[in-house]
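Examining the three-dimensional arrangement
Each chain, letter by letter, is given below.
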Amino acid sequence: MLILAIDTALDACAAAVLDTDANRLLAGESQAMQRGHAEALMPLLGRVMDASGIGFLDIDRIAVTTGPGSFTGLRVGLSAARGIALAAAKPVVGLTTLSAFAAPLVSETDETPILSAIDARHDHVYYQLVSGNGTMIVRPRVAPIAEALEAARYGALRLVGNAAQLVAERWPAMTPPPLAVDQRPAPDIGWLAWLGAAATPEAAPAKPFYLRPPDAKPKIDPIAQSAQPAA
């Protein structure tokens, strides 16, 4: 199976093509960036597809990150994935950034639980906790860092994500320290592709995965408001 993976949800613009039959990436590229994903993605996709030696019609499935992450960034990737899927008549699957962060650690067959953490700002994080084999322990949520630290009751954990170091610095002093702290600005695009090979469109729809509403609210149209009948 040939998988095209796309990620623009956090601090990188990335894409890769995976050949599961050959068990290798045919091509991949990741550029670190906090903004500008919309301008960078299509040229990056062009380079990756050229390097892979295949065309969009040869792809069997498209995988894309759905969040948590930047509201603007993740929509860039989702729009591109949906557009390619529509034009090439290919299925597309959506995968959370939290699961993508945990994927390489789950692959190590270590029994130690894994806490994925993404900076949600204002002393909050998006986080989830899974067992060493990927079984969900704490479902994805947004919460104060203090709540995420309650995962310490499960013993020594492995931390991963762009807030891994932030959580580690606040780890409760009277509990076993994290066994590993894997600070990453964005998920590994190769592992996102492997997750995409295992997912299905029915179980993993390609739509934004929001754990809280956008900070920016749409302005109320005073004309439309005045046209509303009185209650």
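Residues numbered from 1 in each chain as written. Predicted model: local features only at pLDDT ≥ 70, side-chain atom pairs only at ≥ 80, totals over all residues. Heavy atoms only, no water.

Per an unreviewed UniProt entry, the protein chain carries the name tRNA threonylcarbamoyladenosine biosynthesis protein TsaB and comes from Rhodopseudomonas pentothenatexigens.

Pairs of packed helices are described in terms of their axes, by the angle between the two and the distance that separates them. Taken N-terminus to C-terminus, the directions of helix 1 (residues 37-52) and helix 2 (residues 71-88) make an angle of 40°; their axes are 10 Å apart at the nearest point. Here helix 1 and helix 2 pass one another in a crossing that is right-handed. Touching His37, Ala38, Leu41, Met42 and Leu45 of helix 1 are Val76, Gly77, Ala80 and Ile84, all from helix 2. Classifying every residue of the contact of helix 1 with helix 2 by side-chain character gives seven nonpolar, two polar and no charged. (Axes fitted to C-alpha atoms, helices over the stretch in contact; angles between N-to-C directions. Helix = DSSP H or I, 4+ residues; strand = E, 2+ residues; numbered from the N terminus. Left-handed = near helix turned anticlockwise from the far one by under 90°. Contact = heavy atoms within 4.5 Å. Nonpolar A, V, L, I, M, F, W, Y, C, P; charged D, E, K, R; others polar.)

As a further point, take the pairing of strand 7 (residues 124-130). Here is the key point about a regular strand: its side chains alternate between the two faces of the sheet. Burial of strand 7 is extensive: six of the seven residues sit out of reach of the surface. Sheet topology note: the strand 6 (residues 114-121)/strand 7 ladder contains seven bridges and is antiparallel. Considered in strand 7, the bridge of Ile118 is made with Tyr126. Sheet topology note: the strand 7/strand 8 (residues 136-144) ladder contains six bridges and is antiparallel. Looking at the pairing, Tyr126 lines up with Val142 of strand 8. (Buried < 20%, exposed > 50% of the residue type's maximum accessible area, 1.4 Å probe, protein only. Pairing = 2+ DSSP bridges.)

We note that the domain assignment places domain 1 (2-96 + 186-198) and domain 2 (98-183) within the protein chain. Centre-to-centre separation of domain 1 and domain 2, based on C-alpha positions: 25 Å. Opposite the eight residues of domain 1 that make contact, domain 2 presents 10 residues. Looking only at domain 1, the three residues that lose the most surface to domain 2 are Pro68, Thr96 and Trp191, adding up to 53% of its buried area. Linking domain 1 to domain 2 there are zero salt bridges. Residues belonging to the side of domain 1 that touches domain 2 are distributed by class as follows: seven nonpolar, one polar and no charged. (Domains from an automatic or database assignment. Buried area = accessible area lost by both parts, 1.4 Å probe. Salt bridge = Lys/Arg side-chain N within 4 Å of Asp/Glu carboxyl O.)

Attention now moves to the packing of helix 3 (residues 97-106) against helix 6 (residues 189-198). Relative to each other, helix 3 and helix 6 sit at 100°, their axes nearing to 9 Å. When the axis of helix 3 is compared with that of helix 6, the two are roughly perpendicular. Contacts from Ser99, Ala100, Ala103 and Pro104 of helix 3 reach helix 6 at Trp191, Leu192 and Leu195. Across the contact of helix 3 with helix 6, the residue classes tally to six nonpolar, one polar and no charged. (Parallel < 35°, antiparallel > 145°, perpendicular 65-115°, else oblique.)

Taken in spatial order, the five strands line up as 3-2-1-4-5 in an open sheet, and their pairing is mixed. Taken across any chain shown, the strands that pair with only one partner, and hence form the sheet edges, are strand 3 (24-32) and strand 5 (92-95). This sheet shows a mean twist of 15° between the axes of neighbouring strands, independent of strand direction. The pairing of strand 2 (residues 12-19) with strand 3 spans eight bridges and is antiparallel. Its bridge partner lying in strand 3, Ala14 is registered against Ser30. On top of the sheet, helix 1 reaches strand 1 (2-7), strand 2 and strand 3; it is set at about 25° to strand 2, its chief contact.

Turning our attention to helix 2. Here helix 2 contains 18 residues, and its C-alpha end-to-end distance of 26 Å stays within 8% of the 26 Å for a straight helix at 1.5 Å per residue. Every buried residue belonging to helix 2 is among Gly73, Leu74, Val76, Gly77, Leu78, Ala80, Ala81, Ile84, Ala85 and Ala88, and all of these are buried. Buried positions along helix 2 lie against strand 1, helix 1, strand 4 (61-65) and strand 5. Taken from the residues just after helix 2, Ala89 is the one with a positive phi, measuring 55°. (Expected span 1.5 Å × (residues − 1).)

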